[in-house]
Amino acid sequence: MSETIALPGEIIDETGDFVNGHGTRQTSRGIVSTILGTASLQNKFLSVKPLRTNYQGEVGDVVVGRVVEIVQHQWKIDVHSKLFAGIKLGAINLPGNELRIKDATDELNMRGFLQEGDLISAEVQKVHADGSLALHSRNLLYGRLENGILVKVASSLIVRTKQHFFTFSFGVKSIFGLNGYIWLSPSSDIDINQQLREDYAGASFIPRTSNVLSDSSALPFSPFERGTRLAMARLRNILLLMNSEWEPISPQVVEELFNFSHKQKLEVIDLLNDQIGHKLLTDFRAYRLSNAAST
Amino acid sequence: MGGTEVRATVTGPRQDHQKSGTNKDRGTIETGFFISPFAPVDRKNSSRFDKRSKETQALLIHLFESIVILDQLPRSSIQINITVIDSDGSLQAATINAAVLALVSAGIPMKSLVSACEVSLIDDEILLDPTQDETYFASGTLLTGHVTHSNDIALMESTGQIPHDTLTSMLAQAHQGCEQITDFMEKALQTYAESLSGVR
């Protein structure tokens, strides 16, 4: 069905034939929208989908988040949702693929794995009734993020695809968190960390070697080339541009736009200029349209 | 509005940082209000904590606690921040209108839109959207917030003296003004929504 825009307080149905869903409210005057969004009808179910909101998670989503506090056997993670997400001590893997019930000693050592301010990637395990999320990282893909850039965009722009871990051809790997947090890091890191990963086989989070709170990353810092660094900077600026121009973000489109901006001979810094950025994206849309028409 | 310019930003909803536990099943609203030193006619420095800004903040919280559907936002808080860029009368009305638009664009559930405007009474003459000078000479000023598409009044506040027989006509005048603002707000939101969704 066609979608229409609904404003808060707008009466979207007076007949009373429909059931009101998310983003709507039943009043004496009929069903009224409570948010700014697109109204849609499924059978008799009338709902309004918000245009912009905080992240509302679904089971299986890949997210990137930051540890904000440690409370009783769980870490609280900021994933740009209404409430903090939690990752339980029981939902991570211990070093050496050890599978056992975690005890008080593990609880004391929690800060050794993750401390406040750390960035992690994880998967949504469960959505609680109040909308808060439970995460897990029982997979080698997930873990603490170091040595890279975090870019924050609107969560509704991230397109749901099969691939949220994406390695670009220009030496950058990325995690497109569905909560709008995107992580960029040099793809060469994999090799350097291989040894460490083997040492702590199966661990979700590699324990820190020292307990000095400031500079205490578990992984050794690995310098990377100027080219990679520039590519990461360009990628970051492209993502910010797409966010401000409200363009849906998926790894494929980002890569195309990356190459397109190269073809237009734009410097990395140019992408931050509003006018140049707007022109680039307008040209890019036209370019994609003509490409789609020719194939 | 006229010579008045107000910027509003909304952060949230996000987890309430207070661990009071008093608002387990409802959200809370927090406000910040800042008048730039260059905004008023008489240039003066920071007024973040003066009486007037506290009053406006209390007004905003009072209004939005009845308009925003806080039951849907348990344990979280919404921060509304207001910055006055230019101040030339009808400041509170402009503040409310800006805050409403900011809340809508942040995707926060509300019972309805609200539009506000001020009317002043000078020498038996009713003025809509008074400027700073007009408010100064007015015997009384009335601030109203109307719920759009209904005759409900979400907020009403008066300063100075208003004779009871002129109150009704002032209210009617204010209602008309609010309807104009509603039209403007709805058009602005419509274009904003179209630009985001691609729906025409």
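These numbers come from a predicted model, not from an experiment.

Engineer: Could you give an account of the packing of helix α4 (residues 226-244) of chain A against helix α5 (residues 251-263) of chain A, with specific residues and numbers?
Structural biologist: Residue and element names in this part refer to chain A. The N-to-C vectors of α4 and α5 enclose an angle of 110°; their axes lie 10 Å apart at closest approach. What the angle tells us is that α4 and α5 run roughly perpendicular. Regarding α4 and α5, the two cross each other, and that crossing is right-handed. Side by side, α4 and α5 meet where A231, R234, L235, I238, L239 and M242 of the first sit next to V253, V254, L257, F258, S261 and H262 of the second. Looking at the contact of α4 with α5 residue by residue, the class counts come to nine nonpolar, two polar and one charged.

Engineer: Before we move on, can you summarise the interface of chain A and chain B with the specific residues and values?
Structural biologist: Contacts between the two partners involve 25 residues from chain A, matched on the other side by 31 residues from chain B. Summing the contributions of chain A and of chain B, the shared interface buries around 2,400 Å²; its carbon and sulfur component is 60%. Connecting chain A to chain B are zero salt bridges. Residues belonging to the side of chain A that touches chain B are distributed by class as follows: 10 nonpolar, seven polar and eight charged.

Engineer: Run through the packing of helix α1 (residues 51-67) of chain B against helix α2 (residues 91-105) of chain B, naming residues and quoting values.
Structural biologist: Residue and element names in this part refer to chain B. Two elements in contact, α1 and α2, have axes whose closest approach is 11 Å; the angle formed by their N-to-C orientations is 45°. Taken as axis vectors, α1 and α2 run oblique relative to one another. Handedness of the crossing formed by α1 with α2: right-handed. Between α1 and α2, the contacting residues are R52, E55, T56, L59, L60, L63 and F64 on the first element and L91, Q92, T95, I96, A99, V100 and L103 on the second. Taken together, the residues of the contact of α1 with α2 break down into nine nonpolar, three polar and two charged.

Parameters and conventions
- Residues numbered from 1 in each chain as written.
- Chains lettered and ligands numbered in written order.
- Predicted model: local features only at pLDDT ≥ 70, side-chain atom pairs only at ≥ 80, totals over all residues.
- Heavy atoms only, no water.
- Axes fitted to C-alpha atoms, helices over the stretch in contact; angles between N-to-C directions.
- Helix = DSSP H or I, 4+ residues; strand = E, 2+ residues; numbered from the N terminus.
- Parallel < 35°, antiparallel > 145°, perpendicular 65-115°, else oblique.
- Left-handed = near helix turned anticlockwise from the far one by under 90°.
- Contact = heavy atoms within 4.5 Å.
- Nonpolar A, V, L, I, M, F, W, Y, C, P; charged D, E, K, R; others polar.
- Buried area = accessible area lost by both parts, 1.4 Å probe.
- Salt bridge = Lys/Arg side-chain N within 4 Å of Asp/Glu carboxyl O.

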